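# Architecture at a glance
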Number of protein chains: 2
Amino acid sequence: MASTAADTVKKTGYHHGSLREALIDAAHELVSVSGTDGFTMADACRAAGVSTAAPYRHFSDREDLINALASKGFTILSERTQTALDAHPLGSTEAIIAMGQAYVQFAIDESALFRIMFGRPGHTHDGPVDSECFGILLKAVENFLSVHPALKQPVMSVAVPLWTIVHGAASLLIDQNFAVMAPDTDVDALVAETTQRFLTGVLAEAGQS
Amino acid sequence: MASTAADTVKKTGYHHGSLREALIDAAHELVSVSGTDGFTMADACRAAGVSTAAPYRHFSDREDLINALASKGFTILSERTQTALDAHPLGSTEAIIAMGQAYVQFAIDESALFRIMFGRPGHTHDGPVDSECFGILLKAVENFLSVHPALKQPVMSVAVPLWTIVHGAASLLIDQNFAVMAPDTDVDALVAETTQRFLTGVLAEAGQS
DNA sequence: CTTGAATGTTAGCATCACTTACATATGTTA
DNA sequence: TAACATATGTAAGTGATGCTAACATTCAAG
């Protein structure tokens, strides 16, 4: 975690100064420790040192605060995947794999955030931040396809499966389903091998190697 | 849903007769309608026509009831995947794909159940039912591998990626992430194509076609 | 300096999960 | 059948929760 609730500008007297951010940071910490459901408004208020009514000046309700947290998560995830991409040649298989591994690593490091971002059916995505996140994947796939001119597949027909693979790996891992059913799973290797095999299959469709 | 809370043996006088099952069915319905979190003990009690203290004669707490629901889910999922497998030749690629599609279809039909089964980090799996569920996949992969003798891969190195693919597809779909980012996604085709490409990649490793 | 908007507080509501003490039914044994 | 232990229900209460309403304080613009 980059910042903590304690880091956030302290309350001085009657007014807090930056309650909104302090509450988001507090929620982030609480959620990281106690899980997505283990977070209560009251706890966040105690952490920020304000009364239990104060948050409602900044957030319409509990879900509104959680949505703000989700946006923060998408911003972090975008940074992480972009950084991973930039470390490898444009359009290379390694770049695609590294991006996928960064996605999974984010899910590990920020599992509560990850669940909040992707695991709430009714979540109203606020466009910009998460579209940008998906856009990074699309761009990467476009670059991959342009390196292999024989491939005629639409970008989405490659991007969506890739997302599916890494999201499945991340979800199964952080919800401890591997721990129960396949405890020896090395998730980095899983992502690398599965992505590699998938891309091999894609190239095979075009008669490439 | 096969049964409803209303179906369950009615309460006659002081004693209910089958409160445990009635509560599980009620929870199943509530969760299907209002989502995993939208379920309260109080609602389940109202549906079953008992006081709010009654459930605690049958379940230690709320989570215990939810665990019972999860077990029910694993039983249903096992039936579904086994049925899908049985409809295709032993060890065929079609069988593997059909099983994956059945997994995703279950997630669609019983999304709340699916989340309860796989989406709770602290969930204490009760062995039998969910191990059996995973065992069906393992058996299917064993059959696939024995049809392709050149393949030397361990069962798990094929089974885990397959699980990853279908779980990713199911999760992204039911949590409406496709609806936001990739609205045109046909999840049956996604599973079929991705599985096919992955298996092509696996076969390529052994120099097969 | 005044005044209005922003941001905080206190007190309270309805609901929730869960507990305790008590009531009723069931079934086994005499 | 009578008596009793056990299983299963109820009523009432506890502390916590999300959220609201009414009121208090501070800030910032004229």
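Please refer to the structure higher up on the page.
Since this is a predicted model, take the numbers as computed values, not measurements.

On to the overall build of chain A. A tally of regular secondary structure across chain A gives nine helices and zero strands. Written out in order from the N terminus, the α and β elements of chain A read α-α-α-α-α-α-α-α-α. Within the span of chain A, comprising 209 residues, buried residues form 51% of the whole. Considering only contacts within chain A whose residues lie at least 6 apart along the sequence, 66% involve residues at least 24 apart. On chain A, roughly 9300 Å² of surface is accessible, and the fraction owed to carbon and sulfur atoms is 55%. In chain A, which carries 13 positive and 24 negative side-chain charges, the distance between the mean positions of the two groups comes to 7 Å.

What follows is about the environment of A:Val129. Structurally, A:Val129 is set in helix 6 (residues 128-147). In sequence terms A:Val129 and A:Glu21 are 108 residues apart; their C-alpha atoms lie 18 Å from each other.

Overall, the coordinates contain 14 aromatic pairs over all chains when judged by the stated rule. Aromatic pair A:Phe134 and A:Trp163: ring centres 5.2 Å apart, planes at 50 degrees, arrangement tilted. Of the two residues, A:Phe134 is situated in helix 6 and A:Trp163 in helix 7 (residues 155-174); the sequence distance between them amounts to 29 residues. Assessed through its relative accessible area of 8%, A:Phe134 is described here as buried. A ring pair is formed by A:Phe178 and B:Trp163, whose centres lie 5.8 Å apart and whose planes are at 85 degrees; its orientation type is edge-to-face. Taken together, the residues A:Phe178 in helix 8 (residues 177-181) and B:Trp163 in helix 7 (residues 155-174) connect one chain to another. Classification of B:Trp163 as buried rests on a relative accessible area of 6%. Ring-pair connections join several aromatic residues into one group, and the members of that group are A:Phe74, A:Tyr103, A:Phe114, A:Phe118, A:Phe134, A:Trp163 and B:Phe178.

This part covers the nonpolar core. Ranked by internal contacts, the top residues of the largest apolar core, which has 134 residues, are A:Phe39, A:Trp163, B:Phe39 and B:Trp163. The residues touching A:Trp163, leaving out its near neighbours within four places in the chain, are A:Tyr103, A:Phe118, A:Phe134, A:Leu137, B:Leu172, B:Asn177, B:Phe178 and B:Met181.

Structural alignment of chain B on chain A gives an RMSD of 0.0 Å, achieved by rotating through 180 degrees and translating 0.0 Å along the axis. This pairing of chains is accounted for by a two-fold axis. Judged by C-alpha distance, B:Gly168 is the residue of chain B that lies nearest the rotation axis, at 1.7 Å. Both copies present the same face, since 100% of the interface residues in chain B are matched by interface residues at the equivalent positions in chain A.

Let us look at the side chain of B:Thr195. All names here are of chain B. Relative to the assigned elements, Thr195 resides in helix 9 (residues 187-205). Thr195 gets classed as buried once you look at its relative accessible area, which sits at 3%. Apart from the residues within four sequence positions on either side, Thr195 is in contact with Ile96, Ile97, Leu162 and Ile165.

A separate point is the packing of helix 5 (residues 111-118) of chain B against helix 7 of chain B. All names here are of chain B. Relative orientation of the contacting elements helix 5 and helix 7 amounts to 130 degrees, with a least axis distance of 11 Å. The orientation of helix 5 with respect to helix 7, classified from their angle, is oblique. Pair helix 5 / helix 7 crosses with left-handed handedness. Residues Ser111, Phe114, Arg115 and Phe118 of helix 5 form the contact with helix 7, whose own contacting residues are Trp163, His167, Ala170, Ser171 and Ile174. Broken down by class, the residue content of the contact of helix 5 with helix 7 amounts to five nonpolar, three polar and one charged.

Analysis parameters
- The residue count restarts for each chain, going from 1 along the sequence in the order it is written.
- Going through the entries in the order they are written, you letter the chains from A and number the ligands from 1.
- Local features in a predicted model are, by the rule used here, given only for residues with pLDDT of at least 70; side-chain atom pairs are given and counted only at 80 or more, and totals for whole chains, interfaces and linings are based on all residues.
- Each side-chain value is worked out from all heavy atoms of the structure, with water and hydrogens disregarded.
- Put simply, DSSP marks the helices as runs of H or I at least four residues long and the strands as runs of E at least two long, and each gets a number from the N terminus on.
- Relative accessible area decides the class of each residue, using a 1.4 Å probe on protein chains only: under 20% of the type maximum gives buried, over 50% gives exposed, and in between gives partly exposed.
- Whether two residues are in contact is decided by their heavy atoms: any pair within 4.5 Å suffices.
- The protein chains shown are the only cover counted for residues, whose accessible areas, like all others here, come from Shrake-Rupley with a 1.4 Å probe.
- By the counting scheme adopted, Arg and Lys are positive, Glu and Asp are negative, and His together with the chain ends is not counted.
- Charged side chains are reduced to one point each, which is NZ for Lys, CZ for Arg, CG for Asp and CD for Glu.
- Within 6.5 Å between ring centres, the rings of Phe, Tyr and Trp (the latter by its six-membered ring) count as paired, and their orientation is classed by plane angle as stacked under 30 degrees, edge-to-face over 60, tilted in between.
- Only buried Ala, Val, Leu, Ile, Met, Phe, Trp, Tyr and Cys residues count toward a nonpolar core, and they belong to the same one when joined by side-chain atoms within 4.5 Å.
- Our superposition of the copies is a least-squares fit, built on the C-alpha atoms of residues whose pLDDT is at least 70 in both.
- Convention adopted: a line fitted to C-alpha atoms gives each axis, helices being fitted over their contacting stretch, and angles between N-to-C directions are expressed from 0 to 180 degrees.
- Oblique is the label for any angle not covered by the other classes, which are roughly parallel (under 35 degrees), roughly antiparallel (over 145) and roughly perpendicular (65 to 115).
- Helix crossings get a hand from a simple test, with the near helix turned counterclockwise from the far one by less than a right angle marking a left-handed crossing and a clockwise turn marking a right-handed one.
- Each residue gets one label: Ala, Val, Leu, Ile, Met, Phe, Trp, Tyr, Cys and Pro are nonpolar, Asp, Glu, Lys and Arg are charged, and the others, such as Gly, are polar.

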